[in-house]
Amino acid sequence: MGNGTSIGRVRGLGSSHEGAHHWLLQRFTAVGNLLLVLWFVASLIMLPDLGFASVSDYLAKPVPATAMVLLIISTFWHARLGLQVLAEDYVHDAGNKFALLLLLNLAAIGGGAFGIFCIVRLALGGAL
Amino acid sequence: MAQRPLSPHLQIWKWGPHMLVSILHRVTGDGMALAGLGILLWWLGALASGPEAYASFAGWVWPDLGALEWSGAAIIASLVKILLKLVLIGLSWAFFSHMCSGLRHFVLDIGAGYELDTNKFWSVASPVIGIVLTAGFWALLLLK
Ligand code: HEM
Ligand code: HEM
């Protein structure tokens, strides 16, 4: 490829075919968030109280535990995509942006894994 | 970053409701991503660690304001607890507000809602509905 201006280098190549994928995933996970966080909000309202016994009994049941695991996956994925856009918009130095995206992936995957592990431990009776 | 003049942005445009929902969507989304997911993990970690850990978590994020201590080093802890309670209320608002502006995004994504008056109407309505839903949520939660 020539080394002309930025626009000269990309002209005629078409789109990178990556933005649409990110955009769609942001929507898919948004629909997941809509369903799962509303379920979570309704659960908070409908539980008799938010003390340890009520909450841990509830979250240990198969369906709520599954919904909570899905909530972790959907929100962490959605947040990972959203924070990437934030970094791309405001961090202009290529090196800093790379480091930040690296950190973001580690935090999103690490945080999500921790959340899922806690739910599994609760569901399998490890906290009692 | 290329050293060339940038187009004038925030400094020069007259604020309208559309810019407000746009930036609110970003602020609420990033706020939930950075603070909300952290507190969610704290909550799940406390639940998975047992009743004492859960009681400690609850004491930090949902303190009984009348029982806070105001002497010596406890002052700092008390201030942090009040801050966390405000953060939790703020996060509930962030969710409902982001949900409304997110649903507005879905409408705009299919190409609808761009007529000037319709667009302006929903730019105002989204954050207002978000506040109403937040108030309704707390009413249901605290008055049950
Ligand atoms: C009711 C559920 C939700 C819906 C319908 C929704 C919808 C959306 C949509 C459509 C976008 C893309 C906006 C754009 O392309 O500019 C977005 C961005 C974002 N969302 Fe959500 N979302 C929801 C819940 C959440 C939650 C629970 C979090 C936090 C964990 C979150 C964090 C974010 C972030 C950080 C962004 C990026 C903001 C930006 O680029 O300006 N969202 N959301
Ligand atoms: C104070 C006023 C403004 C605020 C607070 C604001 C805020 C934002 C935010 C948060 C985003 C990212 C979220 C999104 O993509 O929806 C954005 C994107 C954008 N804004 Fe603004 N904006 C303002 C005024 C303007 C004006 C006057 C223009 C054009 C003359 C403009 C052009 C754009 C463009 C082209 C994008 C990128 C959209 C995309 O690629 O998805 N903005 N703005």
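This one's a predicted model, so the numbers in the text were calculated from it and none came from an experiment.

This next bit is on the overall build of chain B. A tally of helices and strands in chain B yields four helices and zero strands. Of the regular secondary structure in chain B, the N- to C-terminal order runs α-α-α-α. What you see for chain B is a C-alpha radius of gyration of 20 Å, clearly larger than the 15 Å of a compact globule of 144 residues, by over 25%. Each of the three principal axes of chain B carries a C-alpha extent, and together these read 55 × 45 × 30 Å. Relative to its 144 residues, chain B shows a buried fraction of 38%.

The next subject is the site of ligand 1. The full set close to ligand 1 counts 21 residues, and His78 of chain A together with His25, Arg26, Asp30 and His98 of chain B are the nearest of them. Looking at what sits near ligand 1, you find residues from chains A and B. One of the side-chain N or O atoms of histidine 78 of chain A is found 2.7 Å from a nitrogen atom in ligand 1. Histidine 98 of chain B places a polar side-chain atom, nitrogen or oxygen, 2.8 Å from a nitrogen atom of ligand 1. Looking at the shell around ligand 1, the elements that each hand over two or more residues are helix 2 (19-46) and helix 4 (62-90) of chain A together with helix 1 (17-49) and helix 3 (74-109) of chain B. Here the shell around ligand 1 gets seven residues from one element, more than from any other, and that element is helix 1 of chain B. For the shell around ligand 1, the class distribution of residues is nine nonpolar, nine polar and three charged.

Attention shifts here to the UniProt feature "binding site: heme" (unreviewed entry) in chain B. Those residues carrying the UniProt feature "binding site: heme" (unreviewed entry) are His98 of chain B in this numbering. Judged by its relative accessible area of 14%, histidine 98 of chain B is buried. Non-local contacts of histidine 98 of chain B, meaning those with residues more than four positions away in its chain, are made with His78 of chain A together with His25, Thr28, Gly29 and Met32 of chain B.

Further remarks concern the interface of chain A and chain B. Note on interface size: it is often stated as the accessible area lost on association of the parts. Taken together, the contact between chain A and chain B spans 41 residues of the former and 28 residues of the latter. The salt bridge partner of arginine 26 of chain B is aspartate 89 of chain A, with a shortest N-O separation of 2.8 Å. Between chain A and chain B we count eight residue pairs in polar contact (both at pLDDT 80 or more) in total. Counting residues per element, the side of chain A that touches chain B draws most heavily on helix 4 of chain A, which supplies 13 residues. In terms of residue class, the side of chain A that touches chain B is built from 30 nonpolar, eight polar and three charged.

So, about helix 5 (residues 94-123) of chain A. Its 30 residues give helix 5 of chain A an end-to-end C-alpha distance of 43 Å, which sits within 8% of 44 Å, the value for a rise of 1.5 Å per residue. Those residues of helix 5 of chain A that sit buried are Leu104, Ala108, Gly111, Gly112, Gly115, Cys118, Ile119 and Leu122 of chain A. In this fold, the buried residues of helix 5 of chain A make contact with helix 3 (52-60) and helix 4 of chain A together with helix 1 of chain B. Once helix 5 of chain A ends, the next one or two residues include glycine 125 of chain A, with phi positive near 85°.

Residue and element names in this part refer to chain A. Tallied over the entire structure, the rule returns 11 aromatic pairs over all chains. Both rings, one in tryptophan 39 and one in phenylalanine 40, keep their centres 6.4 Å apart while their planes meet at 50°; by these two values the pair is tilted. The exposure class assigned to tryptophan 39 is partly exposed, which follows from its relative accessible area of 23%. Phenylalanine 40 sits in the buried class, given a relative accessible area of 16%.

Let us now look at the UniProt feature "transmembrane region" (unreviewed entry) in chain B. Residue and element names in this part refer to chain B. UniProt's entry tags residues 72-96 and 121-143 with the feature "transmembrane region" (unreviewed entry), counted in the numbering of this structure. Helix makes up 92% of residues 72-96 and strand 0%, with an end-to-end C-alpha separation of 38 Å. Between the end C-alpha atoms of residues 121-143 the distance is 32 Å, and the span holds 96% helix and 0% strand.

Conventions used here
- Residues numbered from 1 in each chain as written.
- Chains lettered and ligands numbered in written order.
- Predicted model: local features only at pLDDT ≥ 70, side-chain atom pairs only at ≥ 80, totals over all residues.
- Heavy atoms only, no water.
- Helix = DSSP H or I, 4+ residues; strand = E, 2+ residues; numbered from the N terminus.
- Rg over C-alpha atoms; globule rule 2.2 N^0.38 Å.
- Buried < 20%, exposed > 50% of the residue type's maximum accessible area, 1.4 Å probe, protein only.
- Near = heavy atom within 4 Å.
- Polar contact = N/O pair within 3.5 Å; in protein donor to acceptor, adjacent residues only side chain to side chain.
- Nonpolar A, V, L, I, M, F, W, Y, C, P; charged D, E, K, R; others polar.
- UniProt positions renumbered as here; feature names shortened; annotations may be inferred.
- Contact = heavy atoms within 4.5 Å.
- Salt bridge = Lys/Arg side-chain N within 4 Å of Asp/Glu carboxyl O.
- Expected span 1.5 Å × (residues − 1).
- Phe/Tyr/Trp six-rings, centres within 6.5 Å; stacked < 30°, edge-to-face > 60°.

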